[in-house]
Amino acid sequence: MIDPGPRYLAGDVVVEPLVDRWYAWIHLLAPATAAFQVVDRHLRMMASYVRSPALHAAAAADSATRSGPFLDLGGGHVREVADLLDATQARAAGQIELVDTLRALDRMLGERAAGEPLEPWYRCVPEALRGLVELTYDRHHRPDVRVREELLYASPLWDTSRQCVRLDRGRARPFVLSTPRLAVDDSAVDVAVPFHAPALDALFQARAEPTDVAALSARLGLAPSSPEADRFAALFTDIPPTPLGPPARTAGPPPRGGGRVTYFGHACLLFEDGDSSVLVDPVIAYDEPDAPLHAGYADLPPRIDYVLITHAHHDHVLPETLLQIRHRVDTVVVPANDAGNLVDPSLRRAIEHLGFDRVVEVRAFEQIPLNSGVVTAVPFVGEHHDLDIATRAGYHIRMAGRSFLIAADSANVDPPVYARTHALVGDADVVLQGMECVGAPASWVYGPYFSRPLDRDHDSTRRGRASNSVEAIDLIERFNAGEVYVYAMGAEPWLAHLLGLDQGGASAATVESDHLVAECRRRGLVAERLYGHKELRWP
């Protein structure tokens, strides 16, 4: 029975957007990459689990292999996984055809196109790809196939009936890229609405404003007096959300002429100046009693002028968080991509299809004006396995008289880039630098898209890494920074299900960031490795 009266969505309710029961991330939204993820990852992993559940259970329990292709279901639910495998194979027929025909076209062009005009080859394009691809040569005269994303989103490959949103609380979350969320939990609620549905805004507004739970339940399509509706009602509370207060966080927005930066964990930063609010790479934790001190949804302003995204990795652009703040956001700013490149799907199109009204692309040195300053997109060097990926940007932010360089996971492998960047944007009072300096091999995210497997040595050495201590010091010197904060380390516990990292004392990232902090302090700079929560306020 649903209690009468307005209530709040509880702060510990976890939200997981799903596509065919798998956790939704950007590469599972964009139609072309989603097809490869389903065919090369989901179908293969589920088939393997059905054959060898004990092997998966052992691998998922080992920290060294937890983030590998192993379903973390404890060896159980084999029948449910087999059913999901069958259902996915039936629903994914168009995706399987897309992958098979793209690979066949790749092989044919690679073997037979030798520099002659490509116009005649369009007659050889398989029927399933007609009008969805462009045939090109690169500057080395090698043939390539580019996808027309705008038309793929208008095709049956973009099927919102396969989307749902799961609500749950108080449960450990398996690694998101390797474990589907089965419909077996007796406390979870699966809301069968597409991600763009306005009803989700009403749901997530209830984190801050009480709502009529029965009316909201009906709007989300839950049958009255059903077990699902009762479980949904149990996710609400009479207790209003409690933001962080002094001394952890100063109450209220900063005064005009002043500013504040709030660190929400990992790479999420909120900049405020009394007039403008800018949120960077939003990944926001829920209320968890055993988690370290952290800001959460209750600490966000009612309106966010800009959300800045640095790149398309799933710990920096997270549909789970974006959907929950959509009703607050005016504009999302994303790096522009190189249209049609299979490994580099358009962030703008993906976020628009999450229901955001205003998404703008920026290229290096393009600017977004603020009331007390300006945001400038700057080059983001490295971290992407030497692949041709344009969707990445750092940001130089001037706000209320201070300047910040948001370096994200950039690896300073080409210092002259930042020398030239500094000449254009000037100093940064504060540098925020990611230092996950080993990173995953190239195949971890991008393997399904390669036309042929990368050999093991190259795969293990072409890692998606951020700067080491030497590279970070060079960048800090170039921008004449007085304060340095290491961030985006994946160390907070609410990142475990996203990254599966162990950033203990012996990890390379921890050792290198310790070196950096010590060296900066030796030079008289303010330096710290961020964890959980931090507030910077001025004047």
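Here is a short report on the structure shown in this document. (Residues numbered from 1 in each chain as written. Predicted model: local features only at pLDDT ≥ 70, side-chain atom pairs only at ≥ 80, totals over all residues. Heavy atoms only, no water.)

Side note on the overall build of the chain
Thinking step 1. Each helix and strand in the chain was counted, giving 17 helices and 23 strands.
Thinking step 2. Relative to its length of 539 residues, the chain is compact, with a C-alpha radius of gyration of 23 Å against a globular reference of 24 Å.
Thinking step 3. C-alpha extents for the chain along the principal axes are approximately 65 × 65 × 45 Å.
Thinking step 4. Here the chain holds 539 residues, and the buried ones make up 56% of them.
Thinking step 5. Across the chain, the fraction of contacts at a sequence separation of at least 24, relative to all contacts at a separation of at least 6, is 73%.
Thinking step 6. About 21,900 Å² of surface is accessible on the chain, with carbon and sulfur atoms providing 51% of the total.
Thinking step 7. Counting 52 positive and 73 negative side-chain charges, the chain places the averaged centre of each group 2 Å from the other. (Helix = DSSP H or I, 4+ residues; strand = E, 2+ residues; numbered from the N terminus. Rg over C-alpha atoms; globule rule 2.2 N^0.38 Å. Buried < 20%, exposed > 50% of the residue type's maximum accessible area, 1.4 Å probe, protein only. Contact = heavy atoms within 4.5 Å. Areas by Shrake-Rupley, 256 points an atom, 1.4 Å probe, with all protein chains shown as cover. Lys, Arg positive; Asp, Glu negative; His and termini not counted. Charge placed at Lys NZ, Arg CZ, Asp CG, Glu CD.)

Side note on the packing of aromatic side chains
Thinking step 1. In total, this model carries 9 aromatic pairs according to the counting rule given.
Thinking step 2. On the numbers, 6.4 Å between centres and 70° between planes, the contact of tyrosine 446 with tyrosine 449 is edge-to-face.
Thinking step 3. The buried category is assigned to tyrosine 446, whose relative accessible area is 3%.
Thinking step 4. Ring-pair connections join several aromatic residues into one group, and the members of that group are Phe36, Tyr446 and Tyr449.
Thinking step 5. Here the basic side chain of arginine 207 rests over the ring of tyrosine 297, its NZ or CZ set 5.2 Å away from the ring centre.
Thinking step 6. The side chain of arginine 402 reaches across the aromatic face of tryptophan 538, ending 5.9 Å from its centre. (Phe/Tyr/Trp six-rings, centres within 6.5 Å; stacked < 30°, edge-to-face > 60°. Lys NZ or Arg CZ within 6 Å of the ring centre and 35° of its normal.)

A few points about the layout of surface pockets
Thinking step 1. By volume, the second largest pocket is sized at about 1,200 Å³.
Thinking step 2. Together, 31 residues line the second largest pocket, and Asp144, Val343, Tyr449, Phe450 and Ser451 are the ones closest to its centre.
Thinking step 3. Taken together, the elements giving at least two residues each to the lining of the second largest pocket come down to helix H5 (93–112), strand S4 (133–137) and strand S5 (143–147).
Thinking step 4. Ranked by the residues each element gives to the lining of the second largest pocket, the list is headed by H5, at 6 residues. (1 Å grid on protein atoms, 1.4 Å probe; cavity = no way out; pocket = protein on both sides within 12 Å on 5 of 7 lines; lining within 4 Å. Points joined across faces, edges and corners; volume = space filled by probe spheres on them.)

A look at helix H3 (residues 53–61)
Thinking step 1. The complete set of buried residues in H3 reads Pro53, His56, Ala59 and Ala60. Buried residues of H3, seen end-on, are gathered within an arc of 130° and therefore sit on one face of the element. For H3, the exposed residues set more than 90 degrees away from the buried face come down to Ala54, Ala58 and Ala61.
Thinking step 2. Looking at the buried positions of H3, the neighbouring elements they touch are helix H2 (31–51) and helix H4 (78–91). (Arc of directions from axis to C-beta.)

A short note on the pattern of salt bridges
In a structure, side chains of opposite charge can pair up when their charged atoms sit close to one another.
Thinking step 1. Taken as a whole and assessed by the stated rule, the structure comprises 31 salt bridges.
Thinking step 2. One salt bridge in this structure joins arginine 7 and aspartate 238, with 3.3 Å as the shortest N-O distance. Taken together, the residues arginine 7 in strand S1 (residues 6–9) and aspartate 238 in the loop between strand S9 (236–237) and strand S10 (259–265) connect sequence positions 231 residues apart.
Thinking step 3. Under the relative-accessibility criterion, arginine 7 is labelled buried at 12%.
Thinking step 4. Here aspartate 83 makes a salt bridge to arginine 79, at a shortest N to O gap of 3.0 Å. (Salt bridge = Lys/Arg side-chain N within 4 Å of Asp/Glu carboxyl O.)

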